[in-house]
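# Examination of the molecular architecture
Listed here are the chains, written in short residue letters.
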Amino acid sequence: INHIVHNGGLYKRPFNEAFEETPMLVAVLTYVGYGVLTLFGYLRDFMRQWKIEKCQNATERDEQKDFVPLYQDFENFYNRNLYMRIRDSWNRPICSVPGAKVDMMERVSHDYNWTFTYTGRVIKGIINMGSYNYLGFAQKEGTCQEAAAKVLSQYGAGVCSTRQEMGNLDKHEELEKLVARFLGVESAMTYGMGFATNSMNIPALVGKGCLILSDELNHASLVLGARLSGATIRIFKHNNMQSLEKLLKDAIVHGQPRTRRPWKKILILVEGIYSMEGSIVRLPEVVALKKKYKSYLYLDEAHSIGALGPSGRGVVDYFGLNPEDVDVMMGTFTKSFGAAGGYIGGKKELIDYLRTYSHSAVYATSMSPPVVEQIITSMKCIMGEDGTTVGKARVQQLAENTRYFRRRLKEMGFIIYGNEDSPVVPLMLYMPAKIGAFGREMLKRNIGVVVVGFPATPIIESRARFCLSAAHTKEMLDTALKEINEVGDLLQLKYSRHRLVPLLDRPFDETTYEETED
């Protein structure tokens, strides 16, 4: 049963997003699995302490035993006893362009993943289901590569200065004007790092006496930026508009703690696509609440820009909203554009202010010219300004691939999270042993996948995360689906009972965040 929202005409299209309930038996077995691993971890620590087993992890030197511990005990316990068992599922070195297919260096471990040895063999033609290459612009040939190579020969690789000193190139100015046109805003500013675009600009926008209302599943860069700002932070349930509205009401009625003065600013932080859940922000409702309670909206479009909307202009385009309704439009070039860096778009006054007060603008080195050219060329392709329809075709192909892949996985009986239009597709694994097993079995079948577990997800919600691309052909997707189906049967991963819980009714962890009365 899919959850379709129209909500009094706010939505111009069906909003189809649902999460299936974790089966009780699976949840119990997952907890039991972590319990067994923890018990064996303590047993192995005891054996290491008495020199029965060789201790290979970082420990304090004998002469430092009386110092304050450098290594936190539980964090280190988790790393050496749980993470180390499945460490081979991460940091796999690839040695090609991260396109639809990749080449990977083979490595083996003879000491249970403490160290790795390279065999010298390269595994070729692995279908890449893990990179954020949504529109397929991560490529070593074509117009983008040719344009970047030409700029590299003209400008070189680095700028060796900040934008405010000797590092402001004509290419940077051209990119910012293009980004502003692409987003439909007055002005835009670009940065060399996507993570720093959030973490260094939020402190410039809010400070002490301001209130930040943040979604509980926001990215670490938003969390860090909010903490660095010194503003008061309150968390609302993921994509839950009742929870957000209650916090807004309370903020306006009660004001600041103790003094009861009104907040200087109220800033709502949300993402376009949530990269672990595959969900899309309920932007029409967020905008309506923002207008009703006269607050500001900061939208992180890292995963949605290029990947959503009829013309690839992100979640604002997807819902058919006015870009002026979003006060701060942030996004990155690292995904749909196959490059690096980030941007902020909005009113000219906002961007002029950030040019002066943003740490990223003042202290960071300017973007590399070939990277800038890669973004310009790919963005013009998406906009159709290169004289072709290639960009539009890629946006449409991504949407088709997304719906096809999600539908097939659900038909097979897997539990799939997120929105039907989201190219981020989480497939639930749950049990800790199945995290490593799924990654290894898929690699045996020449499919590269990303598996995710605690602490990046809740402890009983380990998952595999597929990222679809316009570069994936139907044959590639069918091959991947065939292998996923086979591995799903082998590892017994088909938990779905087709009892989907609408997003607003998802179970909420009362131990982590305060439960709202609604």
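Bear in mind the structure is a predicted one, so any value in this text is a computation, not a measurement.

Conventions and cut-offs
Residues numbered from 1 in each chain as written. Predicted model: local features only at pLDDT ≥ 70, side-chain atom pairs only at ≥ 80, totals over all residues. Heavy atoms only, no water. Pairing = 2+ DSSP bridges. Helix = DSSP H or I, 4+ residues; strand = E, 2+ residues; numbered from the N terminus. Axes fitted to C-alpha atoms, helices over the stretch in contact; angles between N-to-C directions. Parallel < 35°, antiparallel > 145°, perpendicular 65-115°, else oblique. Left-handed = near helix turned anticlockwise from the far one by under 90°. Contact = heavy atoms within 4.5 Å. UniProt positions renumbered as here; feature names shortened; annotations may be inferred. Patch = residues over 30% accessible without salt bridge, like charges linked within 9 Å, V, L, I, M, F, W, Y side chains within 5 Å. Areas by Shrake-Rupley, 256 points an atom, 1.4 Å probe, with all protein chains shown as cover. Salt bridge = Lys/Arg side-chain N within 4 Å of Asp/Glu carboxyl O. Lys, Arg positive; Asp, Glu negative; His and termini not counted. Charge placed at Lys NZ, Arg CZ, Asp CG, Glu CD. Buried < 20%, exposed > 50% of the residue type's maximum accessible area, 1.4 Å probe, protein only. Core = buried A, V, L, I, M, F, W, Y, C linked by side-chain atoms within 4.5 Å. Domains from an automatic or database assignment.

Strand order in the open sheet made by the three strands is 3-4-14, with mixed pairing throughout. Of all strands in the sheet, those bounded by a partner on one side alone are strand 3 (101-108) and strand 14 (447-448). Pairing of strand 3 with strand 4 (residues 117-128), which is carried by six bridges, proceeds in the antiparallel orientation. Its bridge partner being in strand 4, methionine 105 is matched across the sheet by valine 122.

Moving on, we get to the packing of helix 5 (residues 194-205) against helix 6 (residues 220-229). With their axes 7 Å apart at the nearest point, helix 5 and helix 6 run at an angle of 20° to one another. Looking at the two axes, helix 5 sits roughly parallel to helix 6. The handedness of the crossing between helix 5 and helix 6 is right-handed. Side by side, helix 5 and helix 6 meet where Phe195, Asn198, Ser199, Met200, Ile202 and Pro203 of the first sit next to Ala220, Ser221, Leu222, Leu224, Gly225, Ala226, Leu228 and Ser229 of the second.

Another aspect to go through is the UniProt feature "domain: Aminotransferase class I/classII large" (unreviewed entry) in the chain. Sequence positions flagged by UniProt for "domain: Aminotransferase class I/classII large" (unreviewed entry) are, in local numbering, residues 125-484. Taken end to end, residues 125-484 is 43% helix and 17% strand, and its two terminal C-alpha atoms sit 17 Å from one another.

Quick look at the UniProt feature "transmembrane region" (unreviewed entry) in the chain now. As recorded in UniProt, the sites labelled "transmembrane region" (unreviewed entry) are residues 24-43. For residues 24-43, helix accounts for 100% and strand for 0%, while the C-alpha atoms at its two ends are 29 Å apart.

A cluster of basic residues, Lys208, Arg258, Lys264 and Lys265, forms a positive patch at the surface. Mapping lysine 264 onto the fold places it in the loop between helix 7 (241-254) and strand 8 (266-271). What makes lysine 264 exposed here is its relative accessible area of 63%.

Within soluble globular proteins, side chains that are nonpolar tend to cluster in buried spots. Residues Met129, Phe405, Leu409, Phe438 and Phe466 are the most contacted members of the largest nonpolar core, which totals 107 residues. Lining this core are residues from two domains, each supplying at least three of them: domain 1 (20-128 + 390-497) and domain 2 (143-383). The residues touching phenylalanine 438, leaving out its near neighbours within four places in the chain, are Leu429, Val449, Val451, Ala464, Phe466, Val487, Leu491 and Leu493. If you look at the next biggest cluster of nonpolar residues, it comprises 21 residues, including Leu205, Ala231, Leu350 and Leu354.

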